[in-house]
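A look at the structure
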Amino acid sequence: MSSPRKYDIVIWGASSFTGARLVEYLALNAPSDLRIAIGGRNEPKLAGVRSRLADKHVSAADALRSMDILVGDSADAARMHEIASQTRVVASTVGPYTRFGTELVRACVEVKTDYCDITGEMPWVREMHCEFNDLAVQNNVHVASFCGFDCIPADLGCMMLAQYAREELHEPLLHVKGSIVGIRGGVSGGTLATLRDQLHTERGTIARSLFCGSGPAAEGGADKRFAKRGLIHYDKSLQRWQTFWIMSMINSQTANWAGGVLNYGPGFEYAESMSARSLLHAIAIAVGLFYGALLMFFGVTRRALYALKIIPRPGEGPGEKFTERGFFSLSLEASTESHVFYGKVAGSSDPGYGETIKYLGESALCLALDRDDSFRPGVYPPSVIMGKALLRRLRKKGCQFEVSRKPIPALESAKKWL
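Take the packing of aromatic side chains next. Enumeration over the complete set of coordinates arrives at seven aromatic pairs. The interplanar angle of 85 degrees and the centroid separation of 5.3 Å between the aromatic rings of Phe17 and Tyr353 together place this pair among those described as edge-to-face. Placement of Phe17 in helix H1 (residues 17-29) and of Tyr353 in helix H15 (residues 351-370) is noted, with a sequence separation of 336 residues between them. Here Phe17 matches Tyr353 in class, with each residue buried. On the numbers, 6.0 Å between centres and 50 degrees between planes, the contact of Trp257 with Tyr380 is tilted. Of this pair, Trp257 sits in helix H11 (residues 248-262) while Tyr380 sits in strand E13 (residues 378-380); the two residues are 123 residues apart in sequence, bridging distant segments of the chain. Looking at Trp257, the relative accessible area reads 19%, which means it is buried. Its relative accessible area of 9% is what places Tyr380 among the buried residues. The positively charged end of Arg376 is found above the aromatic ring belonging to Tyr380, 5.5 Å away from the centroid.

The structure is reproduced here in structure tokens:
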């Protein structure tokens, strides 16, 4: 594989909980001739990750030990330029990105290096788009954020449905409503730190979603089934109560942004909720999320949760066995002017770690190996940049992205847990 750059992919933040998982995934799944380096602030920790994984995976030990270590501080603009200039793609797991991501994105855009991450921080991504999109387009650079569980299922799921509406129904896609009908997974300390930052920056948006519900307003002839819904409501199609889903805000914003750029249809809107077993269960979920977020918001209560080991500290997260037992199932109902059809996105491991690592790893490989003229340069969600190429990769890796004229049954495990 010929390239003027020293590396094909640099994993930035490789000593973090998620970063180490990404190193493992690429060591086991990337082509043997792909040149991968790992980077971060702490060289001993990076070396430790490389050594531990080499001992764990004998078949991939040579590939792991051949990974160079690049050391730098995310706030050091000059060092970020040095690192970005050595590789074709950077995959970053260093969050919160609002604090640690900007200089790396700036460097990638300026030295013409593609980039992907797993942020769910929409204000930061909006800032990156406003500041760097024009230069990224000029330099033919692809900056793909939201390449994790937030927001690949909603983002690629809506793109899949829009493609079906155009090619099979010959109509534009107008609305999609999504519902998490089953999920089991853990959370890492890094994710909670990012969530804490988002609570500070987007508390107004969160409050509006909690108290005003979600979904497009039924105005000017819009389908009444997609009218603005309350926080807790009954879905007749799913025959289940719906409640607030913590990721609905970022997923809806991302899917709607992509829908506008890719022109899914006039006034396209995506809204998302979570299925519950009963009305009481729906209320309990909403109340639990509200008070959980409140406890995370204040330093004194957050420190108490750390001390009592109720929540993990940064660098900690769910174990491997727990990750393997995880799953999720997202049910989608789509509407054109004269048709209603259905979609499903599902994963068979912990969504925040098993599936997210798969999504980010395949995004990095897609940028490194599949890039062609169909890829759209700029700072955008993954559907806009990689589109069908990434969808093909994920399907080959066992990720379920399905479309049907009839409702698609939920996973048996999803029925059991929700």
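What follows picks up the thread again.
Another point: a nonpolar patch on the surface. Taken together, the side chains of Leu279, Ile283, Val287, Phe290, Tyr291, Leu294, Phe298 and Val300 define a hydrophobic patch exposed on the protein surface, amounting to about 700 Å² of accessible area. In terms of residues, the nonpolar patch owes the most to one element, helix H12 (residues 279-297), which gives six residues. Residue placement: Phe290 occurs in helix H12.

Before going further, it helps to spend a moment on the packing of helix H4 (residues 77-84) against helix H6 (residues 102-111). H6 packs onto H4 with a crossing angle of 50 degrees between their chain directions and a minimal axis gap of 8 Å. Relative to H6, the element H4 lies oblique. As for how H4 packs across H6, the hand of that crossing is right-handed. Residues Ala77, Met80, His81 and Ala84 of H4 touch H6, and the partners they reach there are Glu103, Leu104, Ala107, Cys108, Glu110 and Val111. Residue composition of the contact of H4 with H6, grouped by class: seven nonpolar, one polar and two charged.

With that settled, the discussion passes to the nonpolar core. With 110 residues, the main nonpolar core has Ile9 and Leu173 as its most contacted residues. The greatest single-element share of this core, amounting to 11 residues, is contributed by helix H8 (residues 152-169). Excluding residues within four positions of it along the chain, Leu173 makes contact with Cys158, Leu161, Ala162, Ala165, Tyr264, Gly265, Phe268, Ala334, Ser335, Thr336 and Phe341.

The subject of this paragraph is the sheet that holds strand E7 (residues 175-184). Taken together, seven strands build an open sheet; the order of strands is E8-E9-E10-E7-E11-E12-E14 and the sheet is mixed. Looking at which strands have only one partner, the edges of the open sheet turn out to be strand E8 (233-235) and strand E14 (400-404). The sheet shows a mean angle of 30 degrees between the axes of neighbouring strands, taken without regard to direction.

Here the structure, examined in full by the defined rule, presents 15 salt bridges. Across the salt bridge formed by Glu167 and Lys388, the nearest N and O atoms sit 3.7 Å from each other. You can see Glu167 sitting in helix H8 and its partner Lys388 sitting in helix H17 (residues 388-396), a full 221 residues away along the chain. Using a relative accessible area of 42% as the deciding quantity, one classes Glu167 as partly exposed. A relative accessible area of 43% means that Lys388 is categorised as partly exposed.

Now for the sheet that holds strand E5 (residues 114-117). Strand order in the open sheet formed by seven strands is E3-E2-E1-E4-E5-E6-E13, and the pairing between neighbours is parallel. Of all strands in the sheet, those bounded by a partner on one side alone are strand E3 (68-71) and E13. Neighbour to neighbour, the strand axes of the sheet diverge by 20 degrees on average, direction disregarded. With three bridges connecting them, strand E6 (residues 142-144) and E13 associate as parallel partners.

What follows covers the confidence of the model for the protein chain. Across the protein chain, the average pLDDT comes to 88, with 84% of residues at or above 70. Throughout residues 206-225 the model reports pLDDT below 50, and contacts reaching past four residues in sequence, or to other chains, amount to 41 contacts. With pLDDT under 50 throughout, residues 412-418 is counted as low confidence; its partners more than four residues away or in other chains account for 18 contacts.

Take the side chain of Arg5 next. Relative to the elements of secondary structure, Arg5 occurs in the segment before strand E1 (7-12). This buried residue, Arg5, is left without a salt bridge; Asp114 holds the nearest opposite charge, at 8.6 Å. Engagement of the side chain of Arg5 in a polar contact is seen with the backbone oxygen of Ser85, the distance being 3.5 Å. At 2.6 Å, the side chain of Arg5 forms a polar contact with the backbone oxygen of Thr87. Those residues within four positions of Arg5 in sequence are excluded, and the remaining contacts are Arg35, Ala84, Ser85, Gln86, Thr87, Arg88, Val111, Lys112 and Thr113.

What follows deals with H1. Between its first and last C-alpha atoms H1 spans 19 Å; for 13 residues at 1.5 Å apiece the expected length is 18 Å, and the two agree. With 11 of 13 residues buried, H1 lies mostly within the body of the structure. Within H1, burial applies to Phe17, Thr18, Gly19, Ala20, Arg21, Leu22, Val23, Glu24, Tyr25, Leu26 and Ala27.

Parameters at a glance
Residues numbered from 1 in each chain as written. Predicted model: local features only at pLDDT ≥ 70, side-chain atom pairs only at ≥ 80, totals over all residues. Heavy atoms only, no water. Phe/Tyr/Trp six-rings, centres within 6.5 Å; stacked < 30°, edge-to-face > 60°. Helix = DSSP H or I, 4+ residues; strand = E, 2+ residues; numbered from the N terminus. Buried < 20%, exposed > 50% of the residue type's maximum accessible area, 1.4 Å probe, protein only. Lys NZ or Arg CZ within 6 Å of the ring centre and 35° of its normal. Patch = residues over 30% accessible without salt bridge, like charges linked within 9 Å, V, L, I, M, F, W, Y side chains within 5 Å. Areas by Shrake-Rupley, 256 points an atom, 1.4 Å probe, with all protein chains shown as cover. Salt bridge = Lys/Arg side-chain N within 4 Å of Asp/Glu carboxyl O. Axes fitted to C-alpha atoms, helices over the stretch in contact; angles between N-to-C directions. Parallel < 35°, antiparallel > 145°, perpendicular 65-115°, else oblique. Left-handed = near helix turned anticlockwise from the far one by under 90°. Contact = heavy atoms within 4.5 Å. Nonpolar A, V, L, I, M, F, W, Y, C, P; charged D, E, K, R; others polar. Core = buried A, V, L, I, M, F, W, Y, C linked by side-chain atoms within 4.5 Å. Pairing = 2+ DSSP bridges. pLDDT = per-residue confidence, 0-100. Lys, Arg positive; Asp, Glu negative; His and termini not counted. Polar contact = N/O pair within 3.5 Å; in protein donor to acceptor, adjacent residues only side chain to side chain. Expected span 1.5 Å × (residues − 1).

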